[in-house]
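Spelled out, the chains give:
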Amino acid sequence: MVSALQKELILRKGEFKGEVVETIYFGGGTPSVLETSALLQLIETVYSHYKVTDTPEITLEANPDDLSRHRIIQLANSPFNRLSIGIQSFYDEDLRFMNRAHSSKQASESLAMAADYFENLSIDLIYGIQGMGNDRWRQNIEKALSYNIPHISSYALTVEPKTALAHAIKKGLVKPVDDEVAQEHYAILVDTLEAAGFVNYELSNFGKPGFFSRNNTAYWQQKKYVGIGPSSHSYDGIRRGWNISNNAKYLQAIAQGRLPQEIEVLSKTNRYNEAIMTGLRTIWGVSLAQIASEFGDEVVTYLQKQSKKHIEGGFLISEGDLLLTTKKGRFLADGIAADLFLVA
């Protein structure tokens with residue numbers, strides 16, 4: 001697989017011709033199961049075939065149970081300068097409910113060790129979990145803050161089809177996810193982290209100044225990116241591509257020098273809708289001037305008409321050239337965006 005990833009990087013280097021790589025992100029699964037030497041091979045391949053900025057952000061997503069002190073020291077002495085640890089919760093009952101492999105003890109120990117070697121550190125936390133009251137959610141957040149980490153990504157529990165959780169809900173063994181509870185947890189999250197000096201720069205992402213994820217920010221600002229490996233997605237501003245999700249078929253295609261990729265050319269409507277969706281999730285909002293430049297004045301008139309009721313309801317605010325979600329509207333950003341979409 002590592003050899004195939006290297007080969008795909010080489011096959012696709014033309015897509016980044018004239019571009020400078022600003023971030024290298026290992027995620028989309030459990031890349032921390034790879035030996036550090038294999039990860040370094042992939043970084044070296046990027047440097048050999050792409051132009052990389054002098055100060056790239058190089059992130060590894062890792063599970064707590066993969067992070068021994070020896071491993072963390074290895075990573076700290078490598079080009080990796082950012083760790084994103086999938087803590088999810090500091091409580092064993094939550095971790096068992098989510099079927100996570102690590103324990104609360106491993107979560108705490110891995111984070112304590114990582115904080116000794118990495119300044120740029122992020123964790124994931126999940127809210128809206130069954131049985132997680134407001135007090136336990138607050139304790140989860142306070143526990144995270146006790147490690148003085150500069151970035152937290154936090155998501156509401158979602159039920160994916162064909163999972164053990166989905167089956168348990170269908171059988172009535174577990175209650176469905178409660179949207180009201182999730183919204184209440186989100187409000188607690190925003191208030192607690194903002195009081196601690198974090199900026200909610202994107203709906204699910206909170207960073208102290210200087211520690212916003214450059215990788216995440218690129219997605220939300222619709223910058224170009226190339227995704228390598230099975231199931232990975234890519235975007236160049238006009239086209240979106242995604243690799244086949246089957247590992248065996250991926251390996252076979254790459255061995256034959258073929259890219260196992262489907263491409264969708266985004267229509268004008270799709271590009272407008274994506275600009276609205278991504279913009280409203282961030283502190284940068286939607287620029288009306290940019291919408292006018294790319295899609296025309298008629299689209300701006302439509303956008304202003306559709307947004308009027310959300311402004312009157314206190315969910316959106318018009319500030320100069322920008323259309324922004326308010327604190328009240330932040331959790332509902334995706335639903336508000338859908339109301340502003342163009343229908344093909």
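A brief structural summary. (Residues numbered from 1 in each chain as written. Predicted model: local features only at pLDDT ≥ 70, side-chain atom pairs only at ≥ 80, totals over all residues. Heavy atoms only, no water.)

Okay, the overall build of the chain next. A tally of helices and strands in the chain yields 14 helices and 13 strands. Compactness check: the chain gives a C-alpha radius of gyration of 21 Å against a globular reference of 20 Å for 344 residues, within 12% of the reference. The principal-axis extent of the C-alpha atoms belonging to the chain is close to 55 × 50 × 45 Å. Expressed as a percentage of its 344 residues, the buried residues of the chain come to 46%. In the chain, once contacts between residues fewer than 6 apart in sequence are set aside, the share between residues at least 24 apart is 66%. (Helix = DSSP H or I, 4+ residues; strand = E, 2+ residues; numbered from the N terminus. Rg over C-alpha atoms; globule rule 2.2 N^0.38 Å. Buried < 20%, exposed > 50% of the residue type's maximum accessible area, 1.4 Å probe, protein only. Contact = heavy atoms within 4.5 Å.)

As a further point, take the sheet that holds strand 13 (residues 322-325). Ordered in space as 11-13-12, the three strands form an open sheet in which the pairing is antiparallel. The open sheet has two free edges, formed respectively by strand 11 (286-287) and strand 12 (316-319), since each of these has just one partner strand. Strand contacts of helix 13 (residues 297-312): strand 11, strand 12 and strand 13, with the helix running at about 120 degrees to strand 12, the strand carrying the most contacts. (Pairing = 2+ DSSP bridges. Axes fitted to C-alpha atoms, helices over the stretch in contact; angles between N-to-C directions.)

On to the pairing of strand 2 (residues 52-62). Bridge count for strand 1 (residues 21-26) against strand 2 is five bridges, and the pairing is parallel. When the bridges of strand 2 are listed, I24 appears paired with I58. Once the chain exits strand 1 it traverses helix 2 (residues 36-49) before rejoining the sheet at strand 2, and the crossover so formed is right-handed. By the bridge criterion, four bridges tie strand 2 to strand 3 (residues 82-88) in an arrangement that is parallel. Each bridged residue has a counterpart across the sheet, and for A62 the counterpart in strand 3 is I85. (Right-handed = clockwise from strand over helix to strand, strands pointing away.)

For the structure on display, the rule yields 17 salt bridges. One salt bridge connects E194 with R330, and the closest N-O pair in it is separated by 3.2 Å. Placement of E194 in helix 8 (residues 179-195) and of R330 in the loop between strand 13 and helix 14 (333-340) is noted, with a sequence separation of 136 residues between them. Of the residues examined, E194 reaches a relative accessible area of 30% and is grouped as partly exposed. Between K309 and D339 there is a salt bridge, with the nearest N and O atoms lying 3.2 Å from each other. Here K309 is found in helix 13, whereas its partner D339 is found in helix 14, with 30 residues between them in sequence. With relative accessibility at 52%, the residue K309 sits in the exposed group. (Salt bridge = Lys/Arg side-chain N within 4 Å of Asp/Glu carboxyl O.)

With that settled, consider the side chain of R330. Its relative accessible area of 15% is what places R330 among the buried residues. Setting aside its immediate chain neighbours within four residues, R330 contacts Y186, V190, E194, N200, L203 and T325.

The pairing of strand 11 with strand 13 spans two bridges and is antiparallel. Across the sheet, S287 pairs through a bridge with L322, a residue of strand 13. Here strand 12 runs beside strand 13; their pairing, made up of four bridges, is antiparallel. Across the sheet, residue S318 finds its bridge partner in strand 13, namely L323.

Take the nonpolar core next. By size, the foremost hydrophobic cluster in this structure holds 59 residues, and its most contacted members are F90, L111 and I123. In terms of residues, this core owes the most to one element, helix 8, which gives six residues. Excluding its chain neighbours within four sequence positions, the residues that come into contact with I123 are I85, I87, F90, L111, A144, I149, H151, I152 and S153. (Core = buried A, V, L, I, M, F, W, Y, C linked by side-chain atoms within 4.5 Å.)

Our next topic: the packing of helix 12 (residues 288-295) against helix 13. Each pair of packed helices can be described by the angle between their axes along with the distance between the axes. Packing of helix 12 against helix 13 leaves a shortest axis separation of 7 Å and a crossing angle of 140 degrees. Relative to helix 13, the element helix 12 lies oblique. Residues L288, I291, A292 and F295 of helix 12 form the contact with helix 13, whose own contacting residues are D297, V299, V300, L303 and Q304. (Parallel < 35°, antiparallel > 145°, perpendicular 65-115°, else oblique.)

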